[in-house]
Amino acid sequence: MAAARTIIVAGAGIGGLTAALSLAAKGFRVIVLEKAERLEEAGAGLQLSPNASRILVDLGLRPRLTPRAVTPEAISIMSARAGGEIARLPLGEAASLRAGAPYWVMHRADLQGALQAQVNDHPDIDLRLGCQFEDVTLHAKGLTVVQRRGDARQQELAAALVGADGIWSAVRNHLFPQVQPQFSGLIAWRGTLDATTLPREYTSPRIQLWMGPDAHLVAYPISAARQINVVAIVPGTWNRPGWSAPGDANELKNAFASHRWPATARMLIGAVDGWRRWALFTLPDIGEWTDGSIALLGDAAHAMLPFAAQGAGMAIEDAAVLAKCLSESPGDNIAGIPATLKRYGRLRRGRVLRVRRAARQQGRIYHLTGPLALARDLAIKAMGPQRMLARQDWIYDWRL
Ligand SMILES: Cc1cc2nc3c(=O)[nH]c(=O)nc-3n(C[C@H](O)[C@H](O)[C@H](O)COP(=O)(O)OP(=O)(O)OC[C@H]3O[C@@H](n4cnc5c(N)ncnc54)[C@H](O)[C@@H]3O)c2cc1C
């Protein structure tokens, strides 16, 4: 296939693999460069609301995902101050029918594995593991990407480059070196529990969100409900990049030891063996997401706090919009690609900024203390589950 129909994607994370499938579905040849030798098991649970699952279903991934994904019946909002549940938002089959796509929770590795299997089956996608994006030069015929495998360098001609290489993006660094991730002052502690060893109240298929003083806790089933994913968000100063540094369980237990956390929440914390830490970094609004024939996508463009559970969702939406824009640009017109990519950035930025604001605000609300926590709990109870859920419509009902 001609270079005019070849797109290079840097990064085989959730966004990069979805972009590859979306672009190939529109008739492009795609080369995916991934610096990891193999796609890691690292990470834990991800939530995929209907705005994102709809795209994956349309790409034909449902049969690969349903055996491992869990459809939670509800989101239980729990308040440490109140000592238990203050609202239960129904999800499950009824919500899926309403939104026209499922709400799924799953292990990140299961999602990435399903995407990778679909990519491997596609004749027009070339996934190169252990192959790092290194440099790019723009010219009249498109662009030339330099990739490195060990000590060997190779060049590839393409029409466009998509930087889907995550928060520490080398592609973004090439375009906008002044933009650097900022530490949020929060640390996500993650671990999993064997669901078969827990009483039923902990393992029912729902998402539990515990809000408490200066911290919160999220737990939900993953891996065909055989495991419970537990994430605790606490303030801290430890700020190394990465997703899976080992953490000292006692440090976390101490953070939740206070009598202000009910025994059920402390039990979840105490039951996890093998905590991993992930310092939460975010990107400032970078303004432009593209430069010439190069576009950024997912965390490379807009890494945000995970409190709206939309990190993967926004990367998946970006991928679908990017492919749609490129497919609508006329024929093999290399000269038109920069304008097409600019259009993609314009279409995405407003929505992503709004989700980012919502995530930040949600974090502040979860961590309230004293009379403000009481006011929060009363407001949630007064609102009721259906109105609470309707507040998410603008996120979940998004369509391509
Ligand atoms: C190992 C890992 C574990 C994670 N665990 C969780 C989790 O448990 N829960 C959660 O909510 N989010 C997790 N995340 C983040 C989450 O996947 C993202 O926030 C979201 O899915 C957006 O994905 P993305 O594709 O934009 O970026 P990412 O998922 O970060 O993917 C970026 C990919 O680019 C690759 N890459 C980086 N630099 C280069 C380069 N120079 N050349 C080629 N490839 C490169 C990386 O190896 C990675 O595979 C994790 C991310 C990673 C990488």
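Up top you'll find the structure we're talking about.
Residues numbered from 1 in each chain as written. Predicted model: local features only at pLDDT ≥ 70, side-chain atom pairs only at ≥ 80, totals over all residues. Heavy atoms only, no water.

1. Structural notes on unusual backbone geometry
A negative phi angle characterises most non-glycine residues, just as the trans form characterises most peptide bonds. For S223, which is not glycine, the phi dihedral falls at a positive 50°. Take S223: it is sitting in the loop between β14 (215–222) and β15 (227–235). For S223, a relative accessible area of 5% corresponds to the buried category. The phi dihedral of A224 falls on the positive side, at around 55°, and the residue is not glycine. Counting through the fold element by element, A224 comes out in the loop between β14 and β15. (Helix = DSSP H or I, 4+ residues; strand = E, 2+ residues; numbered from the N terminus. Buried < 20%, exposed > 50% of the residue type's maximum accessible area, 1.4 Å probe, protein only.)

2. Remarks on helix α11 (residues 311–328)
Over its 18 residues, α11 runs 26 Å from end to end, which matches the ideal 26 Å to within 8%, given 1.5 Å per residue. Most of α11 sits out of view: 14 of its 18 residues are buried. (Expected span 1.5 Å × (residues − 1).)

3. Considerations on the side chain of R54
Topologically, R54 is positioned in helix α2 (residues 50–58). D397 provides the closest opposite charge to the buried, salt-bridge-free R54, at an N-O distance of 4.9 Å. Contact partners of R54, with chain neighbours within four places excluded, come to A99, G100, A101, Y396, D397, W398 and R399. (Lys, Arg positive; Asp, Glu negative; His and termini not counted. Salt bridge = Lys/Arg side-chain N within 4 Å of Asp/Glu carboxyl O. Contact = heavy atoms within 4.5 Å.)

4. Some points on the packing of helix α1 (residues 14–25) against helix α5 (residues 108–120)
In a packed pair of helices, the relevant descriptors are the angle between the two axes and the axis-to-axis distance. Running from amino to carboxyl end, α1 crosses α5 at an angle of 25°, the nearest separation of the two axes being 10 Å. Taken together, the axis directions place α1 and α5 in an arrangement best described as roughly parallel. Every pair of crossing elements has a handedness; the one defined by α1 and α5 is left-handed. In this structure, α1 uses I14, L17, T18, A20 and L21 to contact α5, whose residues at the interface are R108, L111, Q112, L115, Q116, Q118 and V119. Tallied by class, residues from the contact of α1 with α5 come to seven nonpolar, four polar and one charged. (Axes fitted to C-alpha atoms, helices over the stretch in contact; angles between N-to-C directions. Parallel < 35°, antiparallel > 145°, perpendicular 65-115°, else oblique. Left-handed = near helix turned anticlockwise from the far one by under 90°. Nonpolar A, V, L, I, M, F, W, Y, C, P; charged D, E, K, R; others polar.)

5. A few points about the nonpolar core
Core analysis: the largest hydrophobic core is formed by 109 residues, its most contacted members being V30, L48, L111, L161, L217, V230 and F256. Each of two domains, domain 1 (3–70 + 106–181 + 283–365) and domain 2 (182–282 + 368–396), supplies a minimum of three residues to this core. Apart from residues no more than four positions distant in its own chain, V30 is found in contact with I7, V9, A20, L23, A24, D124, I125 and D126. Judged by nonpolar contacts, the second largest core, of 30 residues, contains I86, L89, Y103 and I207. (Core = buried A, V, L, I, M, F, W, Y, C linked by side-chain atoms within 4.5 Å. Domains from an automatic or database assignment.)

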